[in-house]
Amino acid sequence: MAERVEEMDEDGGGQPAREDDNNSDRDDDDDDDDRLMAWMVNNGMDEDEEDDEVEELSADPEALEMDTPAERSGHIAVVDRNIMYVWGGYKNAQNHGFFDLYLPRSEIWTYDMESGVWMKHIAGGNLCTSMSGSCGVCLDGVLYLFGGHHARGNTNRIYHMHLRARSLVWEEMRDLKGLPPSSKDKLGCWVHNNRLVFFGGYGCAPQGAHRGTFEYDESSSLVWDSMGRGWNNHIHVLDLETSTWSQPITQGNTPSPRAAHACATVGNRGYVFGGRFKNYRLNDLYYIDLDTWDWHEMSVPQPGPVGRSWHSFTPVSSDLIFLFGGFTTERETLSDAWLYCVSKNEWKPFKHSHTESPRWLTLFFHRLTATSY
C-alpha cells in the first residue's frame, strides 16, 4: 500500500518513520519537535480517557472525494469472508508536510475482493488513540487489535470489533485474567483452537516474571524515550473462551528476539520468518507446535529469500505459504515474492507483475489458487 523507500524506525518502535540507529537525516532536536507535532495533530485521547460514543456503520461522506485509502505504513489488514479491512498506520512526511501524521483511529477502509471496490467507514467505540505497528488478526468475524505505538509511546491494550455487526464498534477487552504482554509493537500472532498466540515485538521492558528473552536496545535511551526499549521473543497466549492470558513453557531451539517479523499458521504449526534484531534483518525460518509448544528451526536449502523485516507471510493452502516484499539490512525495499512448501521444505521464487512496486507491511491482493508449484 505505501510505497516508501524510507524505513520505519524499528529500533524506536512504531514511531513515525525516521532513519534507524544514528544514521538519521535529522538530529534529535528535530525528531523531538516532530514527535511533539505528531502528538498535537493526533486525534487520539489520553490512555485513561474513554470515548463511549457509538456510531452507525456508514460510509464517510469524504469517501466520495477519495476512492482509495491514503498511502500509509504501519497499518493492519485482515480478511473476513470476501472483505479486507484496513486500519491505522500513518502518512509519512513526504506526503504530509514536515511531520508524520497518524491516520484517524475511527477510519476503517473495506475492500470487496469480488467487486474491487474500496469504501471508507467511521467506527465508534473506545479505541484509545491512533496507532501504528499494532497486531491485527481476524477470527470468526471478529477483529482483534493488540498493542501498537502512538504519540506517547507503546501500549499493551487489546480491543475487538465485530465485523459482521450492523455497526463497527471498537471495544476494549477488560477484566482479563493472567499476566498480559508488555507494551510493544511490531509483533506477530498465530490463531489456534480459539486462542491468540502473540510472539516477539519491540517495546518496553517487561514488568513481572515474563518467560523468554528481552534484549535492551542501547540506542533507545538516547532519544525521547528515556526508559529505553528493546526486542523480545516472548510468547503470550490469550484464551478467548476463558479470557485469560498465559505463557507456555516452550522446548527446543527458540528464535532470537525480533520485531517486524511475519507469522503464519498452518495446521497446528505457527511459522515465523525473518524480522529485525538489532541491526540485522533475518532470513531464518522457525515453527512452533501450538499443541506441544516445541520450537523447530528449519534448515532450508538455498537459494531462498534474503533477510528482511516488514514483509507479509500468508498461508495460501495447507502446504504453501506466500512471502512478499519487505525491507533489507541494506535499506532496500523489496518487491520479490516466494512460495515456501511445507511438505518439501523448499523455497521457490514466485513470478508476478508487480516487480516495480516495492513495498513493506503489505497485503498482496491477488488470490493465489495454486496447490503446487
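Just so it is clear, the model here is predicted, and its values are computed rather than measured.

1. Quick notes on the overall build of the protein
- When helices and strands are counted, the protein shows 1 helix and 26 strands.
- Across the 373 residues of the protein, 55% fall into the buried class.
- Across the protein, the fraction of contacts at a sequence separation of at least 24, relative to all contacts at a separation of at least 6, is 61%.
- Total accessible area on the protein is roughly 16,100 Å²; 48% of this is exposed by carbon and sulfur atoms.

2. Description of the sheet that holds strand E24 (residues 320-327)
- An order of E23-E24-E25-E26 is seen for the 4 strands of this open sheet, with the pairing classed as antiparallel. Two strands close off the open sheet at either side, each with one partner strand: strand E23 (312-315) and strand E26 (346-349). Direction aside, neighbouring strands of the sheet carry axes that sit 25 degrees apart on average.
- Across 4 bridges, the pairing between E23 and E24 is antiparallel. Within E24, the position partnered with serine 312 by the bridge is phenylalanine 324.

3. With respect to the packing of aromatic side chains
- As enumerated under the stated definition, the model contains 22 aromatic pairs in all.
- Ring plane angle 10 degrees and centroid distance 6.3 Å describe the contact between phenylalanine 322 and phenylalanine 324, whose orientation is recorded as stacked. In terms of burial, phenylalanine 322 and phenylalanine 324 fall into one category: buried.
- Taken together, the ring pairs connect Tyr271, Phe273, Tyr287, Phe313, Trp338, Tyr340 and Trp347 into an aromatic cluster.
- Above the plane of the ring of tyrosine 287 lies arginine 269, whose end atom (NZ or CZ) is 4.0 Å from the centre.

4. Focus: the pattern of salt bridges
- Scanning the entire structure with this criterion turns up 8 salt bridges.
- Notably, a salt bridge pairs arginine 72 with glutamate 107, separated by 3.3 Å at the nearest N-O pair. You can see arginine 72 sitting in the loop between helix H1 (28-41) and strand E1 (76-80) and its partner glutamate 107 sitting in strand E5 (residues 107-112), a full 35 residues away along the chain. Taken as a pair, arginine 72 and glutamate 107 share a single burial class, namely buried.
- With a shortest N-O distance of 2.8 Å, arginine 258 and aspartate 284 are connected by a salt bridge. With a gap of 26 residues between them, arginine 258 in the loop between strand E18 (251-252) and strand E19 (262-266) and aspartate 284 in strand E21 (residues 280-289) connect regions that are remote in the sequence.

5. Some remarks on the state of the cysteines
- Tallying each qualifying case throughout the model produces 0 disulfides.
- Counting only cysteine sulfurs, cysteine 189 is the nearest neighbor of cysteine 135, a cysteine outside any disulfide, at a range of 4.8 Å.
- We classify cysteine 135 as buried; its relative accessible area is 6%.

6. Quick notes on the sheet that holds strand E11 (residues 169-172)
- In space, the 5 strands of this open sheet follow the order E7-E11-E10-E9-E8, with mixed pairing throughout. What marks the edges here is a single partner per strand, and that holds for strand E7 (124-125) and strand E8 (135-139).
- Alignment of strand E9 (residues 142-150) against strand E10 (residues 153-162), held across 8 bridges, turns out to be antiparallel. If you follow valine 142 over to E10, its bridge partner there is histidine 162.

7. With respect to the nonpolar core
- Counting 17 residues, the largest nonpolar core has Trp87, Ile108, Leu127, Leu143, Leu145, Met161 and Trp170 as the members making the most contacts within it.
- Those elements that place two or more of their residues in this core are E1, strand E2 (83-87), E9 and E10.
- Counting residues per element, this core draws most heavily on E2, which supplies 3 residues.

Parameters at a glance
Residues numbered from 1 in each chain as written. Predicted model: local features only at pLDDT ≥ 70, side-chain atom pairs only at ≥ 80, totals over all residues. Heavy atoms only, no water. Helix = DSSP H or I, 4+ residues; strand = E, 2+ residues; numbered from the N terminus. Buried < 20%, exposed > 50% of the residue type's maximum accessible area, 1.4 Å probe, protein only. Contact = heavy atoms within 4.5 Å. Areas by Shrake-Rupley, 256 points an atom, 1.4 Å probe, with all protein chains shown as cover. Pairing = 2+ DSSP bridges. Axes fitted to C-alpha atoms, helices over the stretch in contact; angles between N-to-C directions. Phe/Tyr/Trp six-rings, centres within 6.5 Å; stacked < 30°, edge-to-face > 60°. Lys NZ or Arg CZ within 6 Å of the ring centre and 35° of its normal. Salt bridge = Lys/Arg side-chain N within 4 Å of Asp/Glu carboxyl O. Disulfide = S-S within 2.5 Å. Core = buried A, V, L, I, M, F, W, Y, C linked by side-chain atoms within 4.5 Å.

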